[in-house]
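What follows is each chain in one-letter form.
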Amino acid sequence: MSDQTDDFDLEVDVVVLGTGGAGLTAALAAHDFGAGEVLILEKFGMIGGTTAMSGGMLWIPLNDQQAEHGVEDSFEEVVAYLDGLAEDGHLDPEALGAFLEEGPEMLRWFEEKTPVRLRLFPGFPDYQSYAEGAKEFGSRSLDNDAFPFAELGSWAKWVNPPKTGWPRRTSMIEDYYTPDLGDEAMADREERDCRGQGQALIGSLLKGVLDRNIPLHRESRARHLITDGTRVVGVVTQEEGRNLRVGARKGVIIATGGFEWNEKLVNSFLRGPMTGPVSVPECEGDGLLMAMEVGASLGNMGKSWWLQSSQEMAAHGRGKANYLIGNSERTRPGSILVNRAAKRFVNEAANYNAIGPVLHNFDGSSHQYVNLPYWIIVDQRYVDTYRFFNTTTTGAAPSWAICADTVEELGDKIGVDGTVLHETVERFNADVRAGRDTEFGRGDNTYDNFWGDRSFDGPYRTLGVIDQGPFYAVQMESGVLGTCGGPRPNANGQVIDWDDKPIEGLYVCSNAMSSPTAGVYGGAGGTLGPGMTFGFIAGRHAAQQG
Ligand SMILES: Cc1cc2nc3c(=O)[nH]c(=O)nc-3n(C[C@H](O)[C@H](O)[C@H](O)COP(=O)(O)OP(=O)(O)OC[C@H]3O[C@@H](n4cnc5c(N)ncnc54)[C@H](O)[C@@H]3O)c2cc1C
């Protein structure tokens with residue numbers, strides 16, 4: 001923290017820290033609601049953070065498109081849904097109310113004033129599709145139209161690339177329902193460098209930033225807030241090896257993402273082991289540390305957007321390991337997850353966030369996390385049918401997969417009891433042949449089957465036997481998309497202190513804030529929906545300060 005206020009190198013009205021979905025939304029909102037001068041600071045050389053690598057979907061209940069699709073939704077239903085899933089007492093009614101109120105408003109503003117184009121994803125179930133208040137057949141999740149990067153001119157090269165492979169030219173909805181758009185349409189997409197998913201979201205937000213001539217400093221790492229004793233009036237940022245003191249007449253908006261790449265913060269706060277973050281390595285909790293320095297109250301610090309990942313045996317490119325998401329891998333028929341006891345321990349097709357805490361089950365007698373380490377087990381039929389982690393074609397397993405001719409041998413190779421592993425696989429196969437997973441109910445709900453194999457007849461698209469050798473095991477990590485605890489926002493996105501009073505001049509949004517849904521992943525877009533809505537709220541409120 002710094003409290004010397006008379007020597008700014010630069011002074012603007014609103015400073016936004018971070019260029020993920022939340023940060024760019026905050027900057028656009030600040031501009032459009034009359035902030036005056038807005039400045040965006042980005043720590044990395046590339047723009048878009050984890051958002052640019054993501055699916056780019058937003059979970060926004062009560063959105064206007066629901067009615068167009070004939071779906072009725074209500075405040076009561078959403079609250080019943082989230083309240084039923086959140087830990088007792090962890091939902092903050094003020095933050096949740098603001099999210100539900102302002103999310104639809106943000107969507108209207110996007111549509112009217114910005115290049116962002118979001119479309120309801122028909123049929124995408126809420127993640128706990130069976131719970132009270134859930135929309136079992138979707139309507140709260142929105143997807144981006146593919147956005148032409150040609151419109152970004154020379155800025156296109158500064159957008160962070162997707163997590164794996166070259167960006168898809170299509171939207172998520174197109175991928176799911178109409179994967180073949182035809183040669184002519186695809187040639188046109190190619191020509192205009194159209195990109196879907198998180199690339200489309202960041203591309204369209206960045207276009208809004210460029211249209212408004214909002215300055216954006218890359219390789220600018222905000223480190224400390226500047227206060228005048230009563231309020232936050234600026235930020236110290238590191239650029240080109242020196243400290244730049246930037247004054248913010250109306251406010252500083254923290255949009256720096258989570259703290260999952262900061263080992264000290266992870267060890268201090270998270271509820272259990274976390275070994276595989278899939279976000280950008282810049283998410284080191286810088287915003288959290290800055291807010292703590294000025295007395296921010298913190299919430300949901302033990303929680304994360306949990307995810308099951310696997311460490312690719314290659315460097316991240318930035319001196320950090322790379323972790324691959326294993327969602328489709330564990331959901332498709334013919335795969336199971338097993339723990340150190342060589343036993344299944346969870347419905348593998350459940351949503352990633354719900355599986356996370358299961359990995360933290362602890363046995364008081366053996367003093368061990370009973371489900372760690374854990375592995376995904378598949379057979380040759382699976383590998384021949386589906387792409388497996390970073391393989392480019394079917395038929396091959398990643399180089400770091402362990403392979404054996406029999407299940408027993410596979411167990412021995414990964415260090416678990418091979419006989420037990422064999423029994424586990426046999427029991428699962430018997431269930432599959434009988435048509436139902438009697439142990440964990442895998443496939444018993446709409447969500448489980450949504451990402452299963454759609455070529456399967458019948459309701460169970462996630463169940464398949466494992467019986468054709470050779471057999472493969474890949475060790476999985478207790479990973480995250482990002483953490484979701486941090487400074488607590490009020491309904492204006494202002495950071496509050498431990499007396500619940502706003503710290504004037506300081507705002508928070510993104511994964512840096514205490515999650516308004518208390519870490520409940522409502523449906524596809526469960527992180528970006530609330531994170532960007534608070535970007536909108538914060539930018540608008542900061543703009544309207546005197
Ligand atoms: C493959 C994949 C698919 C996903 N799909 C979805 C999805 O469809 N929907 C969904 O809701 N979520 C999804 N997620 C999760 C989602 O991407 C993240 O939760 C979300 O992008 C976080 O957005 P953010 O704005 O909080 O942070 P980020 O997008 O990570 O942006 C934070 C930015 O802040 C910058 N920064 C950090 N520290 C500083 C500092 N000190 N000064 C200045 N800048 C700083 C970072 O460099 C970064 O650019 C997915 C994730 C992955 C990896």
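A brief report on the enclosed structure follows. Given the structure is predicted, the values throughout are model-derived calculations rather than measurements.

1. Digging into the overall build of the chain
Thinking step 1. Counting its secondary structure elements, the chain contains 16 helices and 24 strands.
Thinking step 2. Relative to the globule expectation of 24 Å for 546 residues, the C-alpha radius of gyration of the chain, 23 Å, shows essentially globular dimensions.
Thinking step 3. Once the C-alpha set of the chain is aligned to its principal axes, its extents read approximately 70 × 60 × 45 Å.
Thinking step 4. Going through the 546 residues of the chain one by one, you find that 61% of them count as buried.
Thinking step 5. Accessible surface for the chain amounts to roughly 20,800 Å². Of this, 47% is attributable to carbon and sulfur atoms.

2. Re the pattern of salt bridges
Thinking step 1. Evaluated as defined, the whole model comprises 34 salt bridges.
Thinking step 2. A salt bridge links Arg344 to Asp437; its shortest N-O distance comes to 3.0 Å. In this pair, Arg344 sits in the loop between β16 (335-338) and α11 (352-355) while Asp437 sits in the loop between α14 (418-434) and α15 (446-450), placing the two residues 93 residues apart along the sequence.
Thinking step 3. Classification of Asp437 by relative accessible area gives buried; the value is 1%.
Thinking step 4. Counted as one network, the salt bridges with shared partners bring together Arg344, Glu348, Arg427, Asp437, Glu439 and Arg442.

3. Some thoughts on the pairing of strand β2 (residues 38-41)
Thinking step 1. Neither face of β2 is left uncovered, since the one carrying Val38 and Ile40 and the one carrying Leu39 and Leu41 both have all their residues buried.
Thinking step 2. Inspection of the sheet shows strand β1 (residues 10-17) paired to β2 by four bridges, in the parallel sense. Bridge pairing links Val16 to Ile40 in β2.
Thinking step 3. Tracing the backbone out of β1, into helix α1 (residues 21-32) and back to the parallel element β2 gives a crossover that is right-handed.
Thinking step 4. As paired elements, β2 and strand β8 (residues 216-217) share two bridges and run parallel to each other. Residue pairing in the sheet places Leu41 in a bridge with His217 of β8.

4. A look at the side chain of Asp143
Thinking step 1. As for its position among the elements, Asp143 is in strand β5 (residues 138-144).
Thinking step 2. Despite its burial, Asp143 pairs with no opposite charge, the nearest such side chain being Arg119 at 7.2 Å.
Thinking step 3. One polar contact links the side chain of Asp143 to the main-chain amide nitrogen of Met172, over a distance of 3.0 Å.
Thinking step 4. Residues contacting Asp143, with those up to four places away along its chain left out, are Gly55, Met57, Arg117, Leu118, Arg119, Phe121, Ser171, Met172 and Ile173.

5. Describing the sheet that holds strand β3 (residues 58-59)
Thinking step 1. Strand order in the open sheet formed by three strands is β3-β5-β4, and the pairing between neighbours is antiparallel. Each end of this open sheet is capped by a strand with a single partner; those strands are β3 and β4 (118-122).

6. Remarks on the site of the ligand
Thinking step 1. Taken together, 36 residues lie around the ligand, and Glu42, Thr50, Thr51, Thr527 and Leu528 are the ones closest in.
Thinking step 2. Within the contact set of the ligand, a nitrogen atom lies 3.1 Å away from a backbone nitrogen or oxygen of Lys43.
Thinking step 3. Between the ligand and the protein, one listed contact pairs an oxygen atom with a backbone N or O atom of Gly525 at 3.4 Å.
Thinking step 4. Surface burial for the ligand is 94%, taken as the share of its 1,000 Å² of free accessible area covered by protein chains.
Thinking step 5. Here the residues of the shell around the ligand are counted per class, giving twelve nonpolar, 19 polar and five charged.

7. Thoughts on a negative patch on the surface
Thinking step 1. Together, Asp405, Glu408, Glu409, Asp412, Asp417, Glu423 and Glu426 make up a region of like negative charge exposed at the surface.
Thinking step 2. Elements represented by at least two residues in the negative patch include exactly α13 (407-414) and α14.
Thinking step 3. At three residues, the largest contribution of residues to the negative patch is made by α13.
Thinking step 4. Along the chain, the position of Asp417 falls in the loop between α13 and α14.

8. Some details on the packing of α13 against α14
Thinking step 1. Running from N to C, α13 and α14 cross one another at 130°; their axes reach a closest spacing of 7 Å. In terms of axis orientation, α13 runs oblique to α14. The element α13 and its partner α14 pack so that their crossing is right-handed. Judged by residue contacts, Val407, Glu408, Leu410, Gly411 and Asp412 of α13 engage Gly418, Leu421, His422 and Val425 from α14.
Thinking step 2. Its residues placed into classes, the contact of α13 with α14 shows four nonpolar, three polar and two charged.

9. Notes on the pairing of strand β11 (residues 242-254)
Working note: regular strand, side chains alternate between the two faces of the sheet.
Thinking step 1. Extensive coverage of β11 is indicated by the burial of ten of its 13 residues.
Thinking step 2. Here β1 runs beside β11; their pairing, made up of seven bridges, is parallel. When the bridges of β11 are listed, Val14 appears paired with Gly251.
Thinking step 3. Relative to β11, strand β10 (residues 232-239) runs antiparallel, the two sharing six bridges.

10. A closer look at the environment of Thr406
Thinking step 1. Tracing the chain through its elements places Thr406 in the loop between β20 (402-404) and α13.
Thinking step 2. Relative accessible area serves as the criterion here: at 32%, Thr406 is assigned to the partly exposed category.
Thinking step 3. For the pair Thr406 and Met301, spaced 105 residues apart in sequence, the C-alpha to C-alpha distance is 43 Å.

Scoring rules and cut-offs
- Residues numbered from 1 in each chain as written.
- Predicted model: local features only at pLDDT ≥ 70, side-chain atom pairs only at ≥ 80, totals over all residues.
- Heavy atoms only, no water.
- Helix = DSSP H or I, 4+ residues; strand = E, 2+ residues; numbered from the N terminus.
- Rg over C-alpha atoms; globule rule 2.2 N^0.38 Å.
- Buried < 20%, exposed > 50% of the residue type's maximum accessible area, 1.4 Å probe, protein only.
- Areas by Shrake-Rupley, 256 points an atom, 1.4 Å probe, with all protein chains shown as cover.
- Salt bridge = Lys/Arg side-chain N within 4 Å of Asp/Glu carboxyl O.
- Pairing = 2+ DSSP bridges.
- Right-handed = clockwise from strand over helix to strand, strands pointing away.
- Lys, Arg positive; Asp, Glu negative; His and termini not counted.
- Polar contact = N/O pair within 3.5 Å; in protein donor to acceptor, adjacent residues only side chain to side chain.
- Contact = heavy atoms within 4.5 Å.
- Near = heavy atom within 4 Å.
- Nonpolar A, V, L, I, M, F, W, Y, C, P; charged D, E, K, R; others polar.
- Patch = residues over 30% accessible without salt bridge, like charges linked within 9 Å, V, L, I, M, F, W, Y side chains within 5 Å.
- Charge placed at Lys NZ, Arg CZ, Asp CG, Glu CD.
- Axes fitted to C-alpha atoms, helices over the stretch in contact; angles between N-to-C directions.
- Parallel < 35°, antiparallel > 145°, perpendicular 65-115°, else oblique.
- Left-handed = near helix turned anticlockwise from the far one by under 90°.

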